[in-house]
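# Descriptive structure summary
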Protein chains: 2
Amino acid sequence: MMASKGLTKEIIIAEAVACMERTGQPAISLHELARRLGIKTPSLYNHIRNTRELRHEVFRYAIDKFVAHQRAATAHKERDEAVRAFAQAYHTFATQNKGLYRLIMSIPSEEDAQAKELAIPLLDTVVEILSGYGLTEEAIAHWQRVFRAILHGFISQEDLGYFYYYDSIELNKSREIAVQCFLDGLHAGLRESSSM
Amino acid sequence: MMASKGLTKEIIIAEAVACMERTGQPAISLHELARRLGIKTPSLYNHIRNTRELRHEVFRYAIDKFVAHQRAATAHKERDEAVRAFAQAYHTFATQNKGLYRLIMSIPSEEDAQAKELAIPLLDTVVEILSGYGLTEEAIAHWQRVFRAILHGFISQEDLGYFYYYDSIELNKSREIAVQCFLDGLHAGLRESSSM
DNA sequence: ATATAAAACTAATAGTGTTAGTTTATCAAC
DNA sequence: GTTGATAAACTAACACTATTAGTTTTATAT
């Protein structure tokens, strides 16, 4: 019983995802992966091209999961309420799926045009919410960047430990303030543009 | 002429820094480093304990450089003017010292308490600026987090390629809007707390 | 001059990813 | 049911990482 243990690409990807979710790391070695699947390392190459492709597949999975999570959290919500719900969902996903989130935030980087393609739905979720504010196309592009910058910046620094400077001060409150800051800034921006 | 080519820890660190600045990567292999210094890989261990220590030393250098850059940019400035200058300096450093910035943003992460210690001056620069707004200690802690979240989040996503969604829309303008958003949010927060 | 210590070396190990070439099991056609 | 093709496992090897042990060389201080 050497050949065929019923292993498929999907099973490999699922196992890789499970490992990342468990360890919180955005990667797994082929050795470890093969060990968990009960095969020898090179056998993985019968199913995947290389680590890049594997990472890519897990990336696709992570994006899908993240997007679904965001859509579920903001469905039937609009404007400020949607923004707050989105921020909450974003943070929840990032902390509860650390490995996947880190992967999402470590892939594109210049080269990988294919990954950027896959990530578009992720950007669309924010754009849809901001569409409810009656902004111009250009304004949406700007504010979508600002919003995502705040959300990711917050998670990232929290994760890095750069927020434990005043470690007695509650992180959740900081996050609320950040979201409120975005809304205040957005509203201020709206007032300004409508008065011109 | 085997022993002693006048190599020191400082020279090694300087070369590592130079490599990172050149490649934009937050790391360099010992092989490459040794090659550039004209020695064999294991000889590096006469001067450094391991890659962790080397990274640590480069990290220290990066923090110092970043802090100096920030202080120079915001000296004799206050409040909004200082905030804007800081944001500008932050972005300039991150883009012109990509390798060092990436290193700064990849080290601490839970474990490394020593690195967190080294990074404190980095946080102080923001705290000092926010001190000019007459906020409470707690409010400073919150807003310092928000500001740094925006700044890093912006750089990070820009670097990752997550901002090229609407690639015709100017990044610089988005950044201005982000900083203005922070100031509007901060001012809104100030009004609210003073009216209580 | 010689002993010591610093700083280079060679050789080897273990952990990454990856390729080439080989064997085995399964499944379809004759 | 044997045959033959294919899929999927294997072993063996290589290149690249960091690292350690043990050796040699050179500079320097007594």
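Reference entry: report on the structure contained in this document.

## Brief notes about the layout of surface pockets
There is about 1,400 Å³ of room inside the largest pocket. Lining the largest pocket are 40 residues, and of these M105(A), S106(A), R102(B), M105(B) and S106(B) lie nearest its centre. For the lining of the largest pocket, the secondary-structure elements that each account for two or more residues are α4 (79-96), α5 (98-104) and α7 (137-160) of chain A together with α4 (79-96), α5 (98-104) and α7 (137-160) of chain B. In terms of residue class, the lining of the largest pocket is made up of 16 nonpolar, 12 polar and 12 charged.

## Brief notes about the interface of chain B and chain A
Taken together, the contact pairs 52 residues of chain B with 53 residues of chain A. Summed over both sides, the interface between chain B and chain A buries roughly 4,500 Å², with carbon and sulfur atoms accounting for 62% of that surface. Among the residues of chain B in contact with chain A, R145(B), Y162(B) and Y165(B) are the three that bury the most area, contributing 18% of the side total. The tally of links between chain B and chain A comes to 2 salt bridges.

## Considerations on the packing of aromatic side chains
Counting across every chain of the model gives 18 aromatic pairs over all chains. Centroid distance F86(A) to F147(A): 5.7 Å. Interplanar angle 45 degrees. Geometry classified as tilted. In this pair, F86(A) sits in helix α4 while F147(A) sits in helix α7, placing the two residues 61 residues apart along the sequence. Relative accessible area serves as the criterion here: at 1%, F86(A) is assigned to the buried category. Look at F147(A) and you get buried, because its relative accessible area is 2%. With a centroid separation of 4.8 Å and 65 degrees between ring planes, the pair formed by F154(B) and F163(B) is classed as edge-to-face.

What counts as what
- Residues numbered from 1 in each chain as written.
- Chains lettered and ligands numbered in written order.
- Predicted model: local features only at pLDDT ≥ 70, side-chain atom pairs only at ≥ 80, totals over all residues.
- Heavy atoms only, no water.
- 1 Å grid on protein atoms, 1.4 Å probe; cavity = no way out; pocket = protein on both sides within 12 Å on 5 of 7 lines; lining within 4 Å.
- Points joined across faces, edges and corners; volume = space filled by probe spheres on them.
- Helix = DSSP H or I, 4+ residues; strand = E, 2+ residues; numbered from the N terminus.
- Nonpolar A, V, L, I, M, F, W, Y, C, P; charged D, E, K, R; others polar.
- Contact = heavy atoms within 4.5 Å.
- Buried area = accessible area lost by both parts, 1.4 Å probe.
- Salt bridge = Lys/Arg side-chain N within 4 Å of Asp/Glu carboxyl O.
- Phe/Tyr/Trp six-rings, centres within 6.5 Å; stacked < 30°, edge-to-face > 60°.
- Buried < 20%, exposed > 50% of the residue type's maximum accessible area, 1.4 Å probe, protein only.

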